[in-house]
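Listed below, chain by chain, are the residues.
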Amino acid sequence: MRIGQGFDVHKFGGEGPVMLAGVPVDCDQGLLAHSDGDVVLHAICDALLGAIGQGDIGVWFPDTDAEFAGADSAKLLAKVWQAVKSAGYQLGNLDITIICQKPKINPHREAMRARVADILGVQQTSINIKATTTEGLGFTGRSEGIASMAAVLLVPINETNTK
Ligand SMILES: [Zn+2]
């Protein structure tokens with residue numbers, strides 16, 4: 001088995017909506033980024049790359065590369081997921097935390113879970129989305145940006161197929 005963790009932050013700026021876990025969520029501000037700024041999918045990419053020992057999202061998709069300007073992060077995640085499968089692993093489970101004061105995550109939680117499951121081609125029960133505020137403290141508490149963390153467990157493809 002392999003374990004990985006990922007963390008990402010993007011800063012508020014411009015107009016909403018914000019893309020979170022591949023779902024557009026209404027917000028009075030957008031997120032500034034070279035890509036679509038999806039902190040959740042970026043944290044998942046980093047967790048997966050960490051688990052298979054293949055660097056990080058900045059190495060795979062440099063923000064100096066015009067090809068990734070405004071990129072759909074679902075496509076970036078799909079590419080990383082392909083590398084995970086090529087390395088001989090499949091998902092055990094994926095646990096995500098979104099840290100922000102706004103927007104409210106709860107109404108979108110199931111849609112986000114379904115979207116991530118769809119991108120990875122896995123059961124929704126393998127994926128969990130949690131959200132927390134920081135009680136007004138720090139940069140997320142001041143609504144300067146959104147942070148996300150992801151933890152992933154990968155299992156060899158053969159082992160789970162025999163269960
Ligand atoms: Zn990012």
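Please read these numbers as outputs of a predicted model, since none were measured by experiment. The numbers attached to residues start from 1 for each chain and follow its sequence in the written order. The predicted nature of this model means local features are confined to residues of pLDDT at least 70 and side-chain atom pairs, given and counted, to a pLDDT of 80 or more, with totals for whole chains, interfaces and linings taken over all residues. To get the side-chain values, take all heavy atoms of the structure and skip hydrogens and water.

Draft legend 1. Highlighting the nonpolar core. What is meant by a nonpolar core is a set of buried Ala, Val, Leu, Ile, Met, Phe, Trp, Tyr and Cys residues, joined one to another through side-chain atoms within 4.5 Å. Burial status follows relative accessibility: with a 1.4 Å probe on protein chains alone, a residue under 20% of its type maximum counts as buried, one over 50% as exposed, and anything between as partly exposed. In this structure, Ile44, Leu94 and Leu154 are the most contacted members of the largest nonpolar core, which totals 48 residues. Elements supplying a minimum of two residues to this core: β2 (18–20), β3 (23–25), α1 (39–51), α3 (73–86), β5 (89–99), α4 (109–120), β6 (127–132) and β7 (145–156). For this core, the leading source of residues is α1, giving ten residues. Two residues qualify as a contact provided that any one of their heavy atoms is within 4.5 Å of a heavy atom in the partner residue. Excluding anything up to four places from it in sequence, Leu154 contacts Met1, Arg2, Leu48, Ala51, Ile52, Trp81, Val84, Tyr89, Gln90, Leu91 and Gly92. Labels follow the DSSP assignment, with helices taken as runs of H or I lasting at least four residues and strands as runs of E lasting at least two, numbered in each case from the N terminus.

Draft legend 2. Here's a closer look at the pairing of strand β1 (residues 2–12). Note on pairing: DSSP must find at least two bridges between two strands before they are called paired. Where β1 and β7 come together, ten bridges link them in antiparallel fashion. The partner of Lys11 across the bridge, within β7, is Gly145. Note: β1 against strand β4 (residues 31–32), two bridges, orientation antiparallel. Its bridge partner being in β4, Phe12 is matched across the sheet by Leu31.

Draft legend 3. Local environment of the sheet that holds β6. Across the sheet, which stays open at both edges, the five strands sit in the order β4-β1-β7-β5-β6 with mixed pairing between neighbours. Two strands close off the open sheet at either side, each with one partner strand: β4 and β6. Sheet strands in contact with α1 are β1, β5 and β7, and its direction is about 150° off that of β1. Helix axes are fitted to C-alpha atoms over the stretch in contact, other axes to C-alpha atoms as well, and angles between N-to-C directions run from 0 to 180 degrees. Sheet contacts for α4: β5 and β6; angle to β6, the most-contacted strand, approximately 140°.

Draft legend 4. Examining the coordination of the zinc ion more closely. Every protein donor of the zinc ion is listed here as Asp8 (OD), His10 (NE2) and His42 (ND1), and their distances to the metal cover 2.0 to 2.1 Å. Only nitrogen, oxygen and sulfur atoms qualify as donors, provided they sit within 2.8 Å of the metal or within 3.2 Å for Na, K and Ca; with water excluded from the atoms, sites may seem incomplete. Each donor residue of the zinc ion lies on the same chain, and together they follow the pattern D-x1-H-x31-H. With Asp8 in strand β1 and His42 in helix α1, this pair connects stretches of sequence that are 34 residues apart. Overall, Asp8 belongs to the buried group, its relative accessible area being 16%.

Draft legend 5. Molecular detail of the layout of surface pockets. Approximately 220 Å³ is the volume attributed to the largest pocket. Secondary structure elements with two or more residues in the lining of the largest pocket: β1 and α2 (57–60). Take the lining of the largest pocket: its biggest share by element is three residues, from β1. Partitioned by chemical class, the residues of the lining of the largest pocket number five nonpolar, five polar and two charged. As defined here, a cavity is a set of points on a 1 Å grid over the protein atoms alone where a 1.4 Å probe fits but cannot get out. A pocket is an open set with protein on both sides within 12 Å along at least five of seven lines, and residues line them when an atom is within 4 Å of a point. Grid points are joined across faces, edges and corners, and a volume is the space filled by probe spheres set on the points. Side-chain classes follow a simple rule in which Ala, Val, Leu, Ile, Met, Phe, Trp, Tyr, Cys and Pro form the nonpolar group, Asp, Glu, Lys and Arg form the charged group, and the remainder, Gly included, forms the polar group.

That is the geometry; function is a separate question.
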